[in-house]
Amino acid sequence: MATTADFKNGLYLNYNGKPCTIVWFQHVKPGKGPAFVKTKLRNLENGRILENTFTAGAKIDVINVERRPYQFLYKDEDGFNFMHEETYEQIHLEADVVDNADLMKEGQHVEMMFWVDGADEKCLTCELPTYVEMEVTYTEPAVKGDTASTSALKEATLETGAIIMVPLFIQQGEKITVNTEDRSYGSRVK
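Our subject in this report is the structure included herewith. All values derive from a computational prediction rather than experimental measurement.

## Some details on the overall build of the protein
Helix and strand counts for the protein come out as zero helices and 16 strands. Since a compact globule built from 190 residues should have a radius of gyration of about 16 Å, the 22 Å found for the protein marks it as more spread out than a globular shape. By its C-alpha atoms, the protein is 70 × 45 × 30 Å across when sized along the principal axes. Each of the 190 residues in the protein was classed as buried or not, and the buried ones make up 34%. Relative to all contacts within the protein whose residues are 6 or more apart in sequence, the contacts with residues 24 or more apart total 44%. Only carbon and sulfur atoms are counted for the fraction: they give 48% of the accessible area of the protein, which is about 11,500 Å². Distance from the positive charge centre (20 side chains) to the negative charge centre (30 side chains) of the protein: 11 Å.

## Regarding the layout of surface pockets
It is the rolling of a water-molecule-sized probe over the atoms that shows where space remains empty. What the largest pocket holds in volume is close to 670 Å³. Along the walls of the largest pocket sit 31 residues, with D99, M113, T125, C126 and E127 positioned nearest its centre. Of all the secondary-structure elements, those providing two or more residues to the lining of the largest pocket are β3 (18-28), β4 (36-43), β10 (109-117) and β11 (120-127). Residue contributions to the lining of the largest pocket peak at six residues, all from β11. When the residues that make up the lining of the largest pocket are grouped by side-chain class, the tally is 12 nonpolar, 10 polar and nine charged.

## Structural notes on the pattern of salt bridges
The final tally for this structure, using the stated rule, is nine salt bridges. The salt bridge partner of R68 is E121, with a shortest N-O separation of 2.8 Å. Of the two residues, R68 is situated in strand β7 (residues 64-76) and E121 in strand β11; the sequence distance between them amounts to 53 residues. Overlapping salt bridges bring together K18, E45 and K122 as one network.

## Points about the sheet that holds β11
The sheet built from five strands is open, its strands ordered β9-β8-β7-β10-β11 with antiparallel pairing. The sheet terminates laterally at β9 (90-93) and β11, the two strands that pair on one side only. Here the average twist between neighbouring strands, direction ignored, is 40°.

## Notes on a negative patch on the surface
Together, E77, D78, E94 and D96 line one region of the surface with negative charge. Relative to the helices and strands, D96 is located in the loop between β9 and β10. You can call D96 exposed: its relative accessible area is 68%.

The rules behind each value
Residues numbered from 1 in each chain as written. Predicted model: local features only at pLDDT ≥ 70, side-chain atom pairs only at ≥ 80, totals over all residues. Heavy atoms only, no water. Helix = DSSP H or I, 4+ residues; strand = E, 2+ residues; numbered from the N terminus. Rg over C-alpha atoms; globule rule 2.2 N^0.38 Å. Buried < 20%, exposed > 50% of the residue type's maximum accessible area, 1.4 Å probe, protein only. Contact = heavy atoms within 4.5 Å. Areas by Shrake-Rupley, 256 points an atom, 1.4 Å probe, with all protein chains shown as cover. Lys, Arg positive; Asp, Glu negative; His and termini not counted. Charge placed at Lys NZ, Arg CZ, Asp CG, Glu CD. 1 Å grid on protein atoms, 1.4 Å probe; cavity = no way out; pocket = protein on both sides within 12 Å on 5 of 7 lines; lining within 4 Å. Points joined across faces, edges and corners; volume = space filled by probe spheres on them. Nonpolar A, V, L, I, M, F, W, Y, C, P; charged D, E, K, R; others polar. Salt bridge = Lys/Arg side-chain N within 4 Å of Asp/Glu carboxyl O. Pairing = 2+ DSSP bridges. Axes fitted to C-alpha atoms, helices over the stretch in contact; angles between N-to-C directions. Patch = residues over 30% accessible without salt bridge, like charges linked within 9 Å, V, L, I, M, F, W, Y side chains within 5 Å.

What follows is the structure in structure tokens.
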């Protein structure tokens, strides 16, 4: 068991039975009354930000969270199948655990976060790298004089079936980088 004196950004804790991480905290010592700690916690299961106030010295339950490298193998009707890159152990994940699954192609490297509680493990997140390379399989050709501004965008279908917005100069068959955090166009791949 730890206390509020052990708080630091990035600390993983069990808050109301849910795995959370500390995003921000501030120790407050008012002129009157007991000291307390204001916090912002991120729920690791759904990504929501929770605000909470702990009394100074309150006991907290620190949890063990591990990050592990995996490789995406294939998708079936039940979800996604991955292989650990070092032990070659295969696991299956439901579709709701994988963020931006339509930007993931076979052989893609991902990082998973596991909540380890003794012999029990639970996968909390499956994260793609910040940028992935994709081929544009379909996009409408740009028409000269079609733009009123320099930031005009059009839809493009990628090799995985994902649809994102790209600049007008991108053509069908080109390879581009895609930002997996906001699903935006990054750059052309040379």
